[in-house]
Each structure stands twice: as C-alpha cells, then as structure tokens.
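Coordinates in review
Residues per chain, in single letters:
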Amino acid sequence: MTLQISQRGKEYLKTAQTLLRTAKSMTDQAIAAQLKALADDYERRAERATHDDAAKALARSAER
C-alpha cells in the first residue's frame, strides 16, 4: 500500500527543503549543521503527520 503525502506532511517537507537550502548557503558550519538537523526533524514530522492523517481518514471511513 502506498501512502500519499498529506497536506500537512507537504507543508513540513516544504519547511525542511527551505531549511536545507538555507543550510547550503551558510558559511558557518555549526549553524549549517543545526539547520540540517532541524530539517531532518521536519522530515520525520512529515512522515508522522502523513501516517496520522491516513489513520484518521481510515477511522472516519470505518465509522460510516
């Protein structure tokens, strides 16, 4: 079964991509590393949000 990324997940991924782009343009490697770590966290949030939203949608359809 393939899950489509939820809208909330897409927003988290968009934020992660922005953080990664910003990290690549940084000259301070410590700040760049922190931004990359934050981007990784947002990618995990996107995955979690997609799974949660799919579970909620499944529960709603089961109620009907």
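Residues numbered from 1 in each chain as written. Predicted model: local features only at pLDDT ≥ 70, side-chain atom pairs only at ≥ 80, totals over all residues. Heavy atoms only, no water.

1. Some thoughts on the packing of helix H1 (residues 7-25) against helix H2 (residues 29-63)
Interhelical geometry of H1 versus H2 gives an angle of 170° and a closest axis separation of 8 Å. The pairing of H1 with H2 is recorded here as roughly antiparallel in orientation. Among the residues forming the contact of H1 with H2, the class breakdown is 13 nonpolar, 4 polar and 6 charged. (Axes fitted to C-alpha atoms, helices over the stretch in contact; angles between N-to-C directions. Helix = DSSP H or I, 4+ residues; strand = E, 2+ residues; numbered from the N terminus. Parallel < 35°, antiparallel > 145°, perpendicular 65-115°, else oblique. Nonpolar A, V, L, I, M, F, W, Y, C, P; charged D, E, K, R; others polar.)

2. Some details on the pattern of salt bridges
Scanning the model with the defined rule gives 3 salt bridges in all. Its salt-bridge partner being Asp-41, residue Arg-45 comes within 2.9 Å of it at the nearest N-O pair. With Arg-45 and Asp-41 both in helix H2 and 4 residues apart, the pair spans about one turn of that helix. Residue classification places Arg-45 among the partly exposed positions, given a relative accessible area of 32%. Here the salt bridges share partners, and the residues they tie into one network are Asp-41, Arg-44 and Arg-45. (Salt bridge = Lys/Arg side-chain N within 4 Å of Asp/Glu carboxyl O. Buried < 20%, exposed > 50% of the residue type's maximum accessible area, 1.4 Å probe, protein only.)

3. Some points on the nonpolar core
Formed by Ala-16, Leu-19, Ala-23, Ala-32, Leu-35 and Ala-39, the largest nonpolar core amounts to 6 residues. Taken together, the elements giving at least two residues each to this core come down to H1 and H2. Setting aside residues up to four positions removed in sequence, Ala-32 forms contacts with Ala-23 and Met-26. (Core = buried A, V, L, I, M, F, W, Y, C linked by side-chain atoms within 4.5 Å. Contact = heavy atoms within 4.5 Å.)

4. Observations regarding the environment of Ala-16
Along the chain, Ala-16 falls in helix H1. Residue Ala-16 is classed as buried on the basis of its relative accessible area, which comes to 1%. With 23 residues separating them in the primary sequence, Ala-16 and Ala-39 have C-alpha atoms 4.3 Å apart. Once you skip the residues sitting within four places of it in the chain, Ala-16 turns out to touch Ala-39, Tyr-42 and Glu-43.

5. Quick look at H2
Residues lying three or four places apart along an α-helix face the same way, a consequence of the helix completing one turn every 3.6 residues. Relative to the 51 Å expected for 35 residues at 1.5 Å per residue, H2 spans 51 Å between its end C-alpha atoms, a close match to the ideal helical length. Looking at the buried side of H2, the elements it contacts are H1. (Expected span 1.5 Å × (residues − 1).)

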